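# Commentary on secondary and tertiary structure
Each chain is listed here by its residues.
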Amino acid sequence: MAVTQLGGTPPVTSESPLVGDRGPRADRDSRGFARARRIIASILLIAFALALLIPFFWMVVSSLKGPNEVFSIPVRWLPDTWHWEHYVELWTDTGMGTWLRNTIILSTVVTFLQVLTGSFAAYGFAKVRFPGRDVLFLVYLGTIAVPWQSYMIPQYIMLAQAHLTNTLLALVVLQAFGAFGVFLMKQFFETIPEELSEAARLDGLSEYSIWARIMLPLSVPALAALALLTFVNTWNDYLGPLLYLRSRENWTVQLGLKNFVANNITADYSMLFTGLTISVIPIAVIFMLGQRFFIEGIATSGLKG
Amino acid sequence: MTSAIADPARTPTRRRRSKLALRNTLLGWSFILPNFLGFGIITLVPVVTLFYIALTNFNIFGKGNFIGVGNFTKLVADPLFQRSLLNTFYYSVMHVPLTIVVSLGLALLLNTKIRGVAFFRTAAFFPYITSIVAIALVWNLLFSPDAGPINEVLRFLGIANPPGWLTSQDWAMPAVVIISTWRDMGFYMILFLAGLQAVPRELYEAARVDGANVVQRFFNVTLPGLRPTMFLVTVLLTIASFKVFDLIIVLSPGGNAAPNAATVVLSQFIYQKGFVEAKFGYASSGAVVLFFLCITATIIQFLINKRRSV
Amino acid sequence: MKRRIAPAIGLAVAASLTLAACGAAEPAVPDGPVTITVSGWSLATTPEFQLLADGFEALHSNVTVKVVEYDAAEYNTLVTADLGAGSAPDIITQKEVKYVPVFVDGGQLLDVSDVKLPDGISGADSYKVNGTQYAVPYRQDSWVLYYNKDLFDAAGVAYPDGSWTWDDYDNAAAKLTTSDHFGTYEHRWQSVTQGFANAQFGGDIFSGDYSYMADLYNRRLAREAAGDQIDFATSSANSPSYQGEFGKQHAAMLPMGSWYVATLISQQASGDADKFNWGFAPIPQRSSSTVANPVTFGDPTGFGINAAISADKVATAKAFLAYAASADAAKLLAGVGITPALTSDEVATVYFAVKGAPTDDVSKFAWSTHDTKPENPTSDKTAAVQSILGTMHTEILTKAKTVEQAIKDAAAAVAAL
């Protein structure tokens, strides 16, 4: 039952096969049973969610402690005095504005390129059959299998010879063409029934138009997943920017915050957690906004008729 | 399902077929090329170089000579390498199935219209975005052998001698698996959530009409519909498990390896040899072994997946 | 942060200028304008680089010294990458001795044997690879015993007087322990136990026979069992910082490197550490026979020259190295709480004049008189052996193995290298 299309959606409904309502056949008793089950499920979910948030909570609380208070024996969960000024200091004493701008530019460009070229290449891998395709795909996967640490220095020397070090561009080319997006989108394109493309071909659409007008609209959830994960990974990356971005005005948020913390004489760990908390909040918000694409994705059935 | 352009109604002549193959090759490459330009230069070239370096005794500055397979014969006899190989398998065998079950369960649970689903999904994703330093510190506290909450619960449940977890030789790896599963589940939940959107809704309807219960619907509708996602997750997760690194480093007690090198894994071995001991050629040979392990696992999964989808 | 340090530097430079006239003979610096670059880290909290740069510029008006900042934690990786890409600074600061053989082996450092070093400078041998000098020390930290005078007074225990052996240390730790604080705190690093064993018990980390470490490990396990210091497993789980444990008076004693003096002074000034009276003493000895010149350990920090430096800058770079090792530079460094590689009574006076520093004679003796053995002997095997010994350290202190078993297993692992 496609709940989204019904008016007056009941407050708690489910499309999942596990926490499902029992449909119109359910009688009164099982309705009450279903409600009880839903309430229990909600309580469990809330308890579970709180448990998941403990390290995050600890991080936030630690950011408000004095520097020598963060670690102590026995453990203290709440600070003696609340050091809210850490957040003020962080905003006023650093080039936060520039770093935030750099990080947003970097994450957006990388995400855009990864989604665009990844889904474009994925169409070639998923829907066009040509000799050597599977081998090429394995080569893509193979590069994921090599730890970055083992080739980051040769790669750095190569990019240094191209005079790309100490630019945001270096990080864009480094992160935008990964195999991850290609793999993810290929798998999702393969779930889309071939008849849809066939019908489009009979209507005279080129393969490029099929990609743009059939495949992309049908894979909104997958594109959202790819975009979210790429954005988060680029935002949180530390070692990449550290190796490539040397001048202060090119730094990302992660880099700037760690540096600020390392250079602060008096505050050490508590300031570190202030920085970490600040850097997590924007991506938490972006995630919260972006996750709705997973329920509003278009059911393939809607387009079949 | 994957072959698109060939029209099965006609039986093409040999020439037409080769023309079609050429056309498809050009077409396929035209799609792949924009990505491949970046990927090939930035990633593929250094990775291929690595295969050469694995046959040398280069230090980190590229000074040294070609020594053939010397590194690999040395690897086979290196006790630390053997230990790290075993540990990597041990970790992967526990971590891959556990993470699949947990993240799929979460995705099913959160693929609903319950109130506050946005909050729950974000909460489930939080472990993945919380700083790894905070994660290590908090889990170290939770797993603390004497005063940690986990062992207090175990004692309360009547277990007189709960394990020493991260400081114990036998329990360090299971503890790492628990923490890494907790951390990774949000990431794979996202992939499963996206995959669930692609399962046609009318299939559930049809199954329901046929009287299938929740469990039957899961096995007959959800799982088959998720097959491409399942392949994606299994391959990514297996490779990620073989490569596990940062979590192991930050969780080691006192910054040292766990007793008897109980949690030393391949990536750590590669890092230790390459960056700490500056034996770059030797480290690269370890990376090449890791590459072939991942590729073998991927090909096996690829073949299984292909046979199932026929 | 920079503002706080700047006036101190200005004063120190001015002071050194008056002394500069009688400086040692240095390689000839060319007359025309020269710019040399030096690698450094965490410049705001590590003033030594800018201090030495300013001091050198003051001596040579035609020279500009630029400090290039690197991340402290990933310093060696980043410098390695820049050396490989040919974009590294002219002078490479050697942050950790164990990487020196790596740079030398990669042909990245110039032979600096012709740079004249003052007599009595310590740590120079750590930069000798196969008999050739590849860097010059300017800073030499060594390990001492910090103690909280207030907690000693409260417990009625006599302060360490410079004659302590490990027995005295054990006894004091037991007497100082109360329900509020531990007698001592020993950090989780392997060097806290192994460094002293290597230095005092005739140890050779390449020998493969580590039975000489057993005594100090048994003592530590006994103290932990008696509750005189926090046990290793709890410390690992809670990850306390040594600054917090000593600075917040959770422990009455702390074996630690001399770099902590400057940190403790600044943390007491800012309120991040409690206000209490403290001092430091020579580290306890194996026997009273060495108390006149106490044996401890520590590694120097030094400057090497990038092998890819342009030929016209070599003389200037070598002059900079000679300056950094000189008595003038030592006084500059001591003025900001850094322990220079070259110490003398004069340098000690400058060091202990810093506001907040202890003033007692034992502290002065501990700072200026010691036989400091290298923590990391210069060898291409050091890193591999230290990592095996790190595992041994954990195995013993988590009680996963007996001391004897862990020592035996470490020997086997070293033999297999």
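Residues numbered from 1 in each chain as written. Chains lettered and ligands numbered in written order. Predicted model: local features only at pLDDT ≥ 70, side-chain atom pairs only at ≥ 80, totals over all residues.

### Overview of the overall build of chain B
Across its full length, chain B holds 13 helices and zero strands. Each helix and strand of chain B, placed in order from N terminus to C terminus, yields the pattern α-α-α-α-α-α-α-α-α-α-α-α-α. Counting only C-alpha atoms, chain B reaches 70 × 65 × 30 Å along its principal axes. Looking at chain B as a whole, 52% of its 310 residues qualify as buried. In chain B, of all internal contacts separated by at least 6 residues, the share reaching a separation of at least 24 is 69%. (Helix = DSSP H or I, 4+ residues; strand = E, 2+ residues; numbered from the N terminus. Buried ≥ 20, exposed ≤ 12 C-beta atoms within 10 Å, placed from the backbone. Contact = placed C-beta atoms within 7 Å.)

### Here's the deal with the overall build of chain A
Secondary structure summary: chain A contains 14 helices and zero strands in total. Overall, chain A shows an N-to-C arrangement of helices and strands of α-α-α-α-α-α-α-α-α-α-α-α-α-α. Restricting the contact set of chain A to residue pairs at least 6 apart, pairs at least 24 apart contribute 71%.

### Focus on the confidence of the model for chain B
Residue and element names in this part refer to chain B. Confidence in the prediction for chain B averages 86 pLDDT; 93% of positions are at 70 or higher. For residues 1-10, every residue scores under 50 in pLDDT, and the model assigns this stretch 15 contacts once sequence neighbours within four places are set aside. Predicted as a complex, the structure gets a pTM of 0.84 and an ipTM equal to 0.85. (pLDDT = per-residue confidence, 0-100.)

### A closer look at the pairing of strand 9 (residues 251-257) of chain C
All names here are of chain C. Buried residues dominate strand 9, accounting for six of its seven residues. Of the pairings in the sheet, the one linking strand 7 (residues 143-148) to strand 9 comprises five bridges and is antiparallel in character. The partner of Y147 across the bridge, within strand 9, is M253. Alignment of strand 8 (residues 182-184) against strand 9, held across two bridges, turns out to be parallel. By the bridge assignment, F182 is partnered in strand 9 with A251. (Pairing = 2+ DSSP bridges.)

### Considerations on the interface of chain A and chain B
Chain A puts 94 residues into the contact, and the matching count from chain B is 88 residues. By residue number, the principal contributor to the side of chain A that touches chain B is helix 1 (residues 28-62) of chain A, which donates ten residues. Its residues assigned to classes, the side of chain A that touches chain B shows 63 nonpolar, 23 polar and eight charged. (Nonpolar A, V, L, I, M, F, W, Y, C, P; charged D, E, K, R; others polar.)

### Notes on unusual backbone geometry
Positioned with a positive phi, A:H163 is a non-glycine residue whose angle comes to about 55°. Note that A:H163 resides in the loop between helix 5 (152-161) and helix 6 (168-175). A positive phi angle, near 50°, is found at C:N130, a position not held by glycine. Checked against the element boundaries, C:N130 lands in the loop between strand 4 (128-129) and strand 5 (132-133).

### Side note on the sheet that holds strand 10 (residues 278-282) of chain C
All names here are of chain C. With mixed pairing, four strands are arranged side by side in an open sheet as 8-9-7-10. Of all strands in the sheet, those bounded by a partner on one side alone are strand 8 and strand 10. Within the sheet, the average angular offset between the axes of one strand and its neighbour, ignoring direction, is 30°. Packing against the sheet, helix 15 (residues 361-368) makes contact with strand 7 and strand 10, and its axis sits at approximately 45° to strand 10. (Axes fitted to C-alpha atoms, helices over the stretch in contact; angles between N-to-C directions.)

### Some points on the packing of helix 7 (residues 179-189) of chain A against helix 10 (residues 220-236) of chain A
What describes two packed helices is the angle between their axes and the distance between those same axes. All names here are of chain A. Between helix 7 and helix 10, the least distance of the axes is 10 Å, while the angle of their chain directions is 165°. When the axes of helix 7 and helix 10 are compared, the pair comes out roughly antiparallel. Viewed along their axes, helix 7 and helix 10 form a crossing whose handedness is right-handed. Contacts between helix 7 and helix 10 involve G181, L184, M185 and F188 from the first element and A222, L226 and T230 from the second. (Parallel < 35°, antiparallel > 145°, perpendicular 65-115°, else oblique. Left-handed = near helix turned anticlockwise from the far one by under 90°.)

### Some words on the nonpolar core
Ranked by size, the top nonpolar core spans 285 residues in total, and within it C:V136, C:Y146, C:F320, C:L321, C:A324 and C:A325 carry the most contacts. Considering each element in turn, this core owes the most residues, 16 residues, to helix 7 (residues 172-196) of chain B. Both domain 1 (2-141 + 299-364) and domain 2 (143-296 + 381-415) of chain C contribute no fewer than three residues apiece to this core. When sequence neighbours within four positions are dropped, the list of residues in contact with C:F320 reads C:I36, C:F56, C:V65 and C:I91. (Core = buried A, V, L, I, M, F, W, Y, C linked by C-beta atoms within 7 Å. Domains from an automatic or database assignment.)

### Concerning the pairing of strand 2 (residues 63-70) of chain C
Residue and element names in this part refer to chain C. One ladder, built from eight bridges, connects strand 1 (residues 34-41) with strand 2; its direction is parallel. Of the residues in strand 2, the one forming a bridge with V34 is V63. Taking the sense of rotation as the criterion, the β-α-β connection linking strand 1, helix 2 (residues 48-59) and strand 2 turns out right-handed. (Right-handed = clockwise from strand over helix to strand, strands pointing away.)

### A short note on helix 5 (residues 132-142) of chain B
Along helix 5 of chain B, eight of the eleven residues are buried, which leaves the element largely enclosed by surrounding structure. Among all positions in helix 5 of chain B, only B:A134, B:I135, B:A136, B:L137, B:V138, B:W139, B:N140 and B:L141 are buried.

### Regarding the environment of B:N87
One can find B:N87 in helix 3 (residues 79-110). The exposure class of B:N87 is buried, given the 24 C-beta atoms found within 10 Å.

### Focus on the packing of helix 5 of chain A against helix 3 (residues 75-85) of chain C
Contact pair helix 5 of chain A / helix 3 of chain C: the axes reach a minimum separation of 9 Å and the direction vectors enclose 45°. When the axes of helix 5 of chain A and helix 3 of chain C are compared, the pair comes out oblique. The element helix 5 of chain A and its partner helix 3 of chain C pack so that their crossing is right-handed. Contacts between helix 5 of chain A and helix 3 of chain C involve A:I153, A:Y156, A:I157 and A:A160 from the first element and C:T80, C:A81, C:G84 and C:A85 from the second. Residue composition of the contact of helix 5 of chain A with helix 3 of chain C, grouped by class: six nonpolar, two polar and no charged.

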